[in-house]
Amino acid sequence: MESKKLTFRHYLMIGSLIFGMLFGAGNLIFPVHLGQMAGSHWLSAALGFLASGVLLPVLGLLAISITQSRGIYELARPVGHSYALLFMILIYATIGPFFATPRTATVPFTIGFAPHISQNQQSLGLLIYSAIFFLLVYFLSSRESKITALIGKVLNPVFLVMLFVIFLLAFSSPLSSAASAPITKEYLTGALTSGLLQGYNTMDALASIAFGITIVTAVRQFGLKDKKDIALATAKGGSLGILSIGIIYIALILLGAQSVSTFGLAENGGITLTQISHHYMGIFGDALLATLTTVTCLSTSMGLAIACSQAFHQLFSRFSYKAILLVYCLLSFAIANLGLDAIISWSLPVLMFLYPLAITLILLGVCSPLFHNYALVYKTTTFLTLIPAFFDMLNALPAGLKETALVQTLLKFAQTYFPFFDLGFGWVCFSLLGLIIGLGGYFMRKK
């Protein structure tokens, strides 16, 4: 049976699906905070943020398409079965019930509801809000056949309209000039690299390779049969969705830069968004922001829940999709009630470990036709990247753990012998060395 030919409308629907899955409240608060920290250097910081927050996810979708993989495991399989399985579990745990999914409940609560609840009622308020939130996630995600229509036709347009209202008011009457905004110390000379590292917090590069199963399932519902057609449709639709996110990032970063002179540097972008919406729209702005973050986080949480549950259902087929989804939502609910600060502080070291491995894997996948997916290239590059990635993880540990004697000794060693370690890119030279060794083996074998 021949594959159905897709129209531009179909690609828009795929792009809208991916947009809704990737764009959550974290994608709102981190660019705004970046703009505040970068000040008048916001454009340089934005370029770095777009590299890790937009370019890498696009490359992730291309890697899935080029290698015709259905997800993380197949993409990482050339490194070895055990590594691919462990890497997949770590990615899904990170973007799933341990960090990203609980954050989809705690961020909108912290931004939209916590300011209006007394301090002694915060825990109870979060408990009630997160319970309702994850009940909705379970109910909507259990109907996975409707995911394209639900996210693409309902939640995304509502979110975009509300976001456009905030942009329209803020840019028609700016709080102050971004060109004269103060700059924090780390962004005076390293705005580009600092912005790139800040983009790790979105977790979008990890999510782009993790959503392979969900996206392929949705694309097949349009009548595509051939693997190459499915891969091409995924790449085209995904690029539309992720590039749309990039446009919003630039607007949010500029919004943060314009606000810092008026409100000062806030602890996080959520506080800044609350201040901006209240400045322009008062109590109505508070209600709008609460609705905005809840809607966008709900769609993101659904995408994460479906992708992770489908992946683990493939691995453990004796458990039904709905049973895995239920456990996923319960675990996310429990961790969400630890609070946003705890989730963010523990996610950073994990991201500093996983991102170098994900970046090298994505780039190898994109370039795999050049060396015919030769396993040695994957193995040497990945294993050498593991070394500095481990040290990057130690360097990002919370203060109490980072200050221990053993960790400090290891960090001093890395600072002495790893080029670019202090910038957060100690893995680059190791990865290049592994790539050169692997390619050398490939060409010797070919000769």
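Structure first, text after, so check above.
Residues numbered from 1 in each chain as written. Predicted model: local features only at pLDDT ≥ 70, side-chain atom pairs only at ≥ 80, totals over all residues. Heavy atoms only, no water.

## Let's talk about the overall build of the protein
Piece 1. Scanning the protein from N- to C-terminus turns up 20 helices and 0 strands.
Piece 2. On C-alpha atoms alone, the protein measures out to a radius of gyration of 22 Å, which is about the 22 Å that the 2.2 N^0.38 rule sets for 447 residues.
Piece 3. Each of the three principal axes of the protein carries a C-alpha extent, and together these read 70 × 60 × 40 Å.
Piece 4. Scored against the burial criterion, the 447 residues of the protein give a buried share of 55%. (Helix = DSSP H or I, 4+ residues; strand = E, 2+ residues; numbered from the N terminus. Rg over C-alpha atoms; globule rule 2.2 N^0.38 Å. Buried < 20%, exposed > 50% of the residue type's maximum accessible area, 1.4 Å probe, protein only.)

## Observations regarding the packing of aromatic side chains
Piece 1. One pass over the full model with this rule turns up 20 aromatic pairs.
Piece 2. With centroids separated by 5.8 Å and ring planes inclined at 25°, the aromatic side chains of phenylalanine 167 and phenylalanine 171 adopt a geometry described as stacked. Placement of the pair is phenylalanine 167 and phenylalanine 171 together in helix H8 (residues 147-172), with a separation of 4 residues, close to one helical turn.
Piece 3. The exposure class of phenylalanine 171 is partly exposed, given its relative accessible area of 31%.
Piece 4. On the numbers, 4.2 Å between centres and 10° between planes, the contact of tyrosine 200 with tyrosine 355 is stacked. Taken together, the residues tyrosine 200 in the loop between helix H10 (191-198) and helix H11 (204-210) and tyrosine 355 in helix H16 (residues 340-367) connect sequence positions 155 residues apart. (Phe/Tyr/Trp six-rings, centres within 6.5 Å; stacked < 30°, edge-to-face > 60°.)

## A few points about helix H6 (residues 100-113)
Note on helix geometry: an α-helix contains 3.6 residues per turn, so any two residues three or four positions apart are oriented the same way.
Piece 1. Over its 14 residues, H6 runs 19 Å from end to end, which matches the ideal 20 Å to within 8%, given 1.5 Å per residue.
Piece 2. Within H6, 12 of the 14 residues are buried, leaving the element largely enclosed by the surrounding structure.
Piece 3. What H6 keeps buried is the set Ala100, Thr101, Pro102, Arg103, Thr104, Ala105, Thr106, Val107, Pro108, Phe109, Ile111 and Gly112. (Expected span 1.5 Å × (residues − 1).)

## A look at unusual backbone geometry
It is generally the case that most residues other than glycine have a negative phi and that most peptide bonds are trans.
Piece 1. You will see that glutamine 68, though not glycine, has its phi angle at about 55°, which is positive.
Piece 2. Within the secondary structure layout, glutamine 68 lies in the loop between helix H3 (42-67) and helix H4 (72-76).
Piece 3. Phi is positive for phenylalanine 420, which is not a glycine, with a value near 65°.
Piece 4. Position of phenylalanine 420 among the secondary structure elements: in the loop between helix H19 (405-417) and helix H20 (427-446).

## A short note on the side chain of threonine 380
Piece 1. Position of threonine 380 relative to the elements: it lies in helix H17 (residues 375-395).
Piece 2. A polar contact of 2.7 Å, which involves the side chain of threonine 380, links it to the backbone oxygen of glycine 434. (Polar contact = N/O pair within 3.5 Å; in protein donor to acceptor, adjacent residues only side chain to side chain.)

## Quick word on the side chain of serine 309
Piece 1. Residue placement: serine 309 occurs in helix H14 (residues 269-315).
Piece 2. Among all residues touching serine 309, those that are not within four sequence positions of it are Tyr321, Ile324, Leu325 and Tyr328. (Contact = heavy atoms within 4.5 Å.)

## Here's the deal with the packing of H3 against H10
Piece 1. Two elements in contact, H3 and H10, have axes whose closest approach is 6 Å; the angle formed by their N-to-C orientations is 35°. Our pair here, H3 against H10, has a crossing hand that is right-handed. Along the contact surface, H3 presents Ser44, Ala45, Leu47, Gly48, Phe49, Ala51 and Ser52, while H10 presents Ala191, Leu192, Gly195, Leu196 and Gln198.
Piece 2. Class assignment of the residues belonging to the contact of H3 with H10 gives a composition of 7 nonpolar, 5 polar and no charged. (Axes fitted to C-alpha atoms, helices over the stretch in contact; angles between N-to-C directions. Left-handed = near helix turned anticlockwise from the far one by under 90°. Nonpolar A, V, L, I, M, F, W, Y, C, P; charged D, E, K, R; others polar.)

## Examining the nonpolar core
Piece 1. With 130 residues, the main nonpolar core has Phe87, Tyr92 and Ile95 as its most contacted residues.
Piece 2. With 17 residues, the top contributor of residues to this core is H14.
Piece 3. Excluding residues within four positions of it along the chain, phenylalanine 87 makes contact with Ile72, Ala76, Leu354, Leu357, Ala358 and Leu361.
Piece 4. One finds Phe391, Leu394, Leu411 and Phe418 within the second-largest nonpolar core, a separate group that totals 9 residues. (Core = buried A, V, L, I, M, F, W, Y, C linked by side-chain atoms within 4.5 Å.)

## A few points about the packing of H16 against H20
Piece 1. It is at 11 Å that the axes of H16 and H20 come closest, and there the two elements cross at 35°. Judged by the sense of rotation from one axis to the other, the crossing of H16 with H20 is right-handed. Along its contact with H16, which presents Pro356, Ile359, Thr360 and Leu364, the element H20 presents Trp427, Ser431 and Leu435.
Piece 2. For the contact of H16 with H20, a count of residues per class yields 5 nonpolar, 2 polar and no charged.

## Let's talk about a nonpolar patch on the surface
Piece 1. Taken together, the side chains of Leu124, Leu127, Ile128, Ile132 and Leu136 define a hydrophobic patch exposed on the protein surface, amounting to about 430 Å² of accessible area.
Piece 2. Here isoleucine 128 is to be found in helix H7 (residues 122-141). (Patch = residues over 30% accessible without salt bridge, like charges linked within 9 Å, V, L, I, M, F, W, Y side chains within 5 Å. Areas by Shrake-Rupley, 256 points an atom, 1.4 Å probe, with all protein chains shown as cover. Salt bridge = Lys/Arg side-chain N within 4 Å of Asp/Glu carboxyl O.)

## Some remarks on H19
Piece 1. Counted at 1.5 Å a residue, the expected span for H19 with its 13 residues is 18 Å, and the 19 Å between its end C-alpha atoms agrees.
Piece 2. Residues of H19 that are buried: Val407, Leu411 and Ala414. End-on, the buried residues of H19 take up no more than an arc of 60°, which puts them together on one face. Those residues of H19 that are exposed and angled more than 90 degrees off the buried face are Ala405, Leu406, Thr409, Lys412, Thr416 and Tyr417.
Piece 3. In this fold, the buried residues of H19 make contact with H17 and helix H18 (399-402). (Arc of directions from axis to C-beta.)

## Some points on the environment of alanine 210
Piece 1. Positionally, alanine 210 belongs in helix H11.
Piece 2. By relative accessible area, which is 0% here, alanine 210 ends up buried.
Piece 3. Separated by 101 residues in the primary sequence, alanine 210 and alanine 311 place their C-alpha atoms 8.6 Å from one another.
Piece 4. Ignoring anything within four residues of it in the chain, the contact list for alanine 210 reads Ile72, Ile91, Tyr92, Ile95 and Ala307.

## Topic: the environment of threonine 217
Piece 1. Within the secondary structure, threonine 217 sits in helix H12 (residues 212-220).
Piece 2. Sequence separation of threonine 217 and isoleucine 324 is 107 residues, and the distance between their C-alpha atoms is 18 Å.

## Points about the environment of valine 79
Piece 1. Of note, valine 79 is situated in the loop between H4 and helix H5 (81-95).
Piece 2. A relative accessible area of 4% means that valine 79 is categorised as buried.
Piece 3. Separated by 104 residues in sequence, valine 79 and isoleucine 183 place their C-alpha atoms 43 Å apart.
Piece 4. What valine 79 contacts, discounting residues up to four positions off in sequence, is Tyr378, Lys379, Thr382 and Phe383.

Note that every value here comes from positions in space, so none of it alone points to a role or purpose.
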